[in-house]
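# Residue-level structural notes
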Amino acid sequence: MTISRGELLIDLEALRHNLDVLTAQVAPSQVMVVVKNDAYGHGLVDVTKAAVESGICWIGALDVPTSLSLREAGISSPTRIFAWLLDPAEDLEPAISASIDLGISTVEQLNTIAASSAATPARVHLKIDTGLHRNGATPEDWPELVARARALEDQGTLEIVAVWTHIAEADDHEDSLSIARFEEAVAVAHDLGVPSPLRHLAASAAGFARSDARFDLVRFGAFVYGLPPGDGPSAESMGLRQVMTLSAPVSVVETLPDGRRRASIDLGFADGLSTLAPGRIGVAVHGRRHPLIDPLEVDRAWFDLADDNEVAVGDLVTVWGDGSAGEPTLQEWGDATGTMSEELVVRLSPRIPRRVI
Amino acid sequence: MIDLEIVRSNARILIADASPNRIVVDLRGDAYGHGAAAVAASLGAEAVDAFLVSHDEAAHAIRASGVSIPAIQSFQADLADASLIGPEIFGLDTASVPDPRGLGLLPAMTLSARVLSTKKVGADEGVSYGYVYRTQTATRLAMVCLGYSDGIDRHACNGARAWFAGSTHPVAGRVAMDVFMLDVGDDPVSPGDEVVLFGDEAKGYPSPVAWAASVGKSAAEVTASLGDRIVRSYV
Ligand SMILES: Cc1ncc(COP(=O)(O)O)c(C=O)c1O
């Protein structure tokens, strides 16, 4: 097989393995698979279908357009699709009619639902801000939000499916404070006539590590793709496998005037590789690691060949993968370039062809 | 938003400087995020001898937009006797042009986004992942619809500022995958309001060069790695 520029290999077997690990880890809580940003660059529809085939009932899609595209791709009820980043100007009728679960933070959003012409009740998850301070109702605004939702529930406009939050993963103590604030908000909702909503709070790191963070449902993104947090335990040590491999053929091999030998691949900063990479991380050819060197160009990266005479134009270079061909993992890339693996995968150019196995 | 009139006027300044050499305009990386086909079309009547592009798709797109100036790739390019005009044509800094504005080269791109929601918070509150930012006083936070998946650096909170309602404000906390928070202070802010990350300094916006410097990158890297969710519109 030859590839011209670069290729993303997506190993659905590894993904299914990770889903089994995560499902077992958090049982009896359920798993939501977060597929925002084209499934963290892994391919929205392929990943969602694999998750549904593995028995996953909850898909986290971020926004309404992504959710609707999944319904169009055949992800039908009873699979639940959750959207929580709503455009203030958005008409919610198509989402309600397609039975998309909506994450709701404000009374204005409830009013938008009430004003829509949908024939079926909207499924809403009421969000409380437990410290992250992005969206979510503040504790002061929470009773009003719940009360308004309850009134609309009585009118048949909506159904309160869940109460939820998102936490900062700042440290264990801060997360414990958020969990306590969440439990308080659940109690307030209970007293306002929401007896037993689903409760969800945690994403990957807290959901994996802390049983008191799991509640009824854990929203797993990064760990589904085998992407552990930086500077922590490796995917392997958690029993997870990295799903994505990025590779490209050698495009040039040359000797510089000073005698050093270098080779290139046709992926550069416009394709999503960071200019912080040269000098900090390498790539693998024939199982051997070679350091990336400056300059990282707009459409090309160079690596040092040292005394390796085996590398020829067309040879396969593995930029990152699960490490089995001598290449660094995404966690190593994130640590080396001062970021996290999620930033690396979602910044890759969508023009790099993807092959699913 | 990309102002093609500015690209043209920057091009004229740079071409006048470089003639009588052969002129090659560097449109690699989809014209550093500005859109190779649209930029090439806007330069169709200028004294440009060739465009340098990253791959076949860009060359095809330029031809398809009716431009007769050839689009070539690095391996086909003989640049020995040519002047290569780089990202400075978009008003961005390069090794050879560290201060584009000093040469009269204005930024062609204005990067803006809308506020999705707002929130009042007290003093000394942590914001976003890891609580790396803490509010100094009671303030208003605006959640802006751009994140690191759009190419906005996760670490933009270490000093980057964005424009809102006449002045610039600090990015508050780590940029998330899809949104970032802006600490707008006492300014009244509502969902739907516009925030500008960078653009023409003369309008009070941070320049692309200043924005890039605050995330430790070159402006060309910043614009070239902006994601496709950001709609490119042209004037
Ligand atoms: C609300 C929400 N839940 C869950 C996730 C998944 O997070 P992670 O990738 O850390 O699992 C995200 C992603 O940022 C999110 O915004």
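Computed from a predicted model, the values in this text were never measured in an experiment. (Residues numbered from 1 in each chain as written. Chains lettered and ligands numbered in written order. Predicted model: local features only at pLDDT ≥ 70, side-chain atom pairs only at ≥ 80, totals over all residues. Heavy atoms only, no water.)

### Concerning the UniProt feature "domain: Alanine racemase C-terminal" (unreviewed entry) in chain B
- According to UniProt, the positions carrying the feature "domain: Alanine racemase C-terminal" (unreviewed entry) are residues 108–235 of chain B.
- The span residues 108–235 of chain B is 10% helix and 33% strand, and its two end C-alpha atoms sit 10 Å from each other. (UniProt positions renumbered as here; feature names shortened; annotations may be inferred. Helix = DSSP H or I, 4+ residues; strand = E, 2+ residues; numbered from the N terminus.)

### Remarks on helix H4 (residues 56–64) of chain B
- Taken together, the buried positions of H4(B) are Ala58(B), Ala59(B) and Ile62(B). Buried residues of H4(B) fall within an arc of 100° about the axis and therefore sit on the same side. (Buried < 20%, exposed > 50% of the residue type's maximum accessible area, 1.4 Å probe, protein only. Arc of directions from axis to C-beta.)

### Structural notes on the UniProt feature "domain: Alanine racemase C-terminal" (unreviewed entry) in chain A
- Summarizing the sequence annotation, UniProt attributes the feature "domain: Alanine racemase C-terminal" (unreviewed entry) to residues 243–357 of chain A in the numbering used throughout.
- Taken end to end, residues 243–357 of chain A comprises 11% helix and 34% strand; its first and last C-alpha atoms sit 10 Å apart.

### Some thoughts on the pairing of strand S5 (residues 100–104) of chain A
All names here are of chain A.
- Summarising burial for S5: five of the five residues are buried, a large majority.
- In this structure, S5 lies alongside strand S6 (residues 122–127), joined through four bridges in parallel fashion. Within S6, the position partnered with Leu 102 by the bridge is Val 124.
- What joins S5 to S6 is helix H6 (residues 107–115), and the crossover it makes is right-handed. (Pairing = 2+ DSSP bridges. Right-handed = clockwise from strand over helix to strand, strands pointing away.)

### So, the packing of H6(A) against helix H7 (residues 142–154) of chain A
Residues and elements named next belong to chain A.
- Where H6 contacts H7, the two axes come as close as 9 Å, and the packing angle between them is 15°. Compared by their axis directions, H6 and H7 come out roughly parallel. When the axes of H6 and H7 are compared, the crossing they make is left-handed. Note on element contacts: H7 touches H6 through Glu 144, Leu 145, Arg 148, Ala 149 and Leu 152, opposite Val 107, Leu 110, Asn 111 and Ala 114.
- For the contact of H6 with H7, a count of residues per class yields six nonpolar, one polar and two charged. (Axes fitted to C-alpha atoms, helices over the stretch in contact; angles between N-to-C directions. Parallel < 35°, antiparallel > 145°, perpendicular 65-115°, else oblique. Left-handed = near helix turned anticlockwise from the far one by under 90°. Contact = heavy atoms within 4.5 Å. Nonpolar A, V, L, I, M, F, W, Y, C, P; charged D, E, K, R; others polar.)

### Comments concerning the packing of aromatic side chains
Residues and elements named next belong to chain A.
- Scanning the entire structure with this criterion turns up ten aromatic pairs over all chains.
- Here the aromatic rings of Phe 82 and Trp 164 are separated by 5.0 Å at their centres, their planes lie at 80°, and the arrangement is edge-to-face. Residue Phe 82 is located in strand S4 (residues 80–83), and its partner Trp 164 is located in strand S7 (residues 158–164); the two are separated by 82 residues in the primary sequence. By the burial criterion, Phe 82 is buried, and Trp 164 matches it.
- Between Phe 182 and Phe 215 the ring centres are 5.0 Å apart and the planes differ by 75°, which places this aromatic pair in the edge-to-face class. Here Phe 182 is found in helix H8 (residues 172–191), whereas its partner Phe 215 is found in the loop between helix H9 (204–209) and strand S9 (217–220), with 33 residues between them in sequence. Assigned by exposure class, Phe 182 and Phe 215 land together as buried.
- Each residue in the set Phe 82, Trp 84 and Trp 164 is aromatic and connected to the rest through ring pairs, giving one cluster.
- In this arrangement the basic side chain of Arg 262 is found over the ring face of Trp 302, its NZ or CZ atom lying 3.5 Å from the centre. (Phe/Tyr/Trp six-rings, centres within 6.5 Å; stacked < 30°, edge-to-face > 60°. Lys NZ or Arg CZ within 6 Å of the ring centre and 35° of its normal.)

### What to know about the pairing of strand S9 (residues 161–164) of chain B
Residue and element names in this part refer to chain B.
- Sheet analysis places S9 next to strand S10 (residues 167–172), joined by four bridges and oriented antiparallel. In the strand pairing of S10, Phe 164 is matched with Ser 167.
- Taken together, S9 and the strand that follows it, S10, pair antiparallel across an intervening segment of two residues, in which Ala 165 is found at a positive phi of about 50°.

### Remarks on the layout of surface pockets
Residues and elements named next belong to chain A.
- Here the largest pocket defines a volume of roughly 1,000 Å³.
- Lining the largest pocket are 46 residues, with Glu 169, Ala 205, Pro 229, Met 340 and Glu 342 sitting closest to its centre.
- Per-element accounting of the lining of the largest pocket gives the leading share, five residues, to H9.
- Each residue belonging to the lining of the largest pocket can be placed in one class, and the counts come to 23 nonpolar, nine polar and 14 charged.
- Within this model, the second largest pocket holds a volume of roughly 900 Å³. (1 Å grid on protein atoms, 1.4 Å probe; cavity = no way out; pocket = protein on both sides within 12 Å on 5 of 7 lines; lining within 4 Å. Points joined across faces, edges and corners; volume = space filled by probe spheres on them.)

### Topic: empty space enclosed by the protein
- Going through the model one piece at a time under the given rule, you end up with two cavities of 30 Å³ or more.
- Approximately 90 Å³ is the volume attributed to the largest cavity.
- Along the walls of the largest cavity sit 13 residues, with Trp84(A), Leu85(A), Arg134(A), Asp178(B) and Val179(B) positioned nearest its centre.
- Considered class by class, the residues forming the lining of the largest cavity number eight nonpolar, one polar and four charged.
- For the second largest cavity, the calculated volume is near 50 Å³.

### Regarding the UniProt feature "modified residue: N6-(pyridoxal phosphate)lysine" (unreviewed entry) in chain A
- Mapped onto this structure's residue numbering, the UniProt feature "modified residue: N6-(pyridoxal phosphate)lysine" (unreviewed entry) falls at Lys36(A).
- Looking at the secondary structure, you find Lys36(A) in helix H2 (residues 36–41).
- With residues near it in sequence (within four places) discarded, Lys36(A) still touches Gly60(A), Ala61(A), Leu62(A), Trp84(A), Met177(B) and Asp178(B).

### Quick notes on the domain arrangement of chain B
- Structurally, chain B comprises domain 1 (4–103) and domain 2 (111–198).
- A C-alpha centroid distance of 34 Å is found between domain 1 of chain B and domain 2 of chain B. (Domains from an automatic or database assignment.)

### What about the environment of Gln242(A)?
All names here are of chain A.
- Positionally, Gln 242 belongs in the loop between S9 and strand S10 (244–255).
- Along the backbone, Gln 242 and Thr 329 are 87 residues apart, and their C-alpha atoms lie at a distance of 7.7 Å.
- Not counting residues within four places of it along the chain, the set of residues in contact with Gln 242 comprises Ala 14, Tyr 225, Gly 226, Leu 227, Trp 320, Gly 321, Asp 322, Thr 329 and Leu 330.
- Side-chain polar atoms of Gln 242 contact the backbone oxygen of Met 244, separated by 2.9 Å. (Polar contact = N/O pair within 3.5 Å; in protein donor to acceptor, adjacent residues only side chain to side chain.)

### Side note on the site of the ligand
- The ligand sits among 14 residues. The nearest are Lys36(A), Tyr40(A), Ser204(A), Arg219(A) and Gly221(A).
- Mapping the residues adjacent to the ligand onto the chains of the assembly identifies chains A and B.
- Between the ligand and the protein, one listed contact pairs an oxygen atom with a side-chain N or O atom of Tyr40(A) at 2.7 Å.
- Residue Gly221(A) places a main-chain N or O atom 2.8 Å away from an oxygen atom belonging to the ligand.
- For the ligand, the accessible surface in isolation is 400 Å², of which the surrounding protein chains cover 92%.
- Mapping the ligand onto the cavity grids shows that it belongs to the largest pocket.
- When contributions to the shell around the ligand are tallied by element, the ones reaching two or more residues are H2 and S9 of chain A.
- Taken together, the residues of the shell around the ligand break down into eight nonpolar, three polar and three charged. (Near = heavy atom within 4 Å. Areas by Shrake-Rupley, 256 points an atom, 1.4 Å probe, with all protein chains shown as cover. Sits in = over half its atoms within 2 Å of the grid points.)

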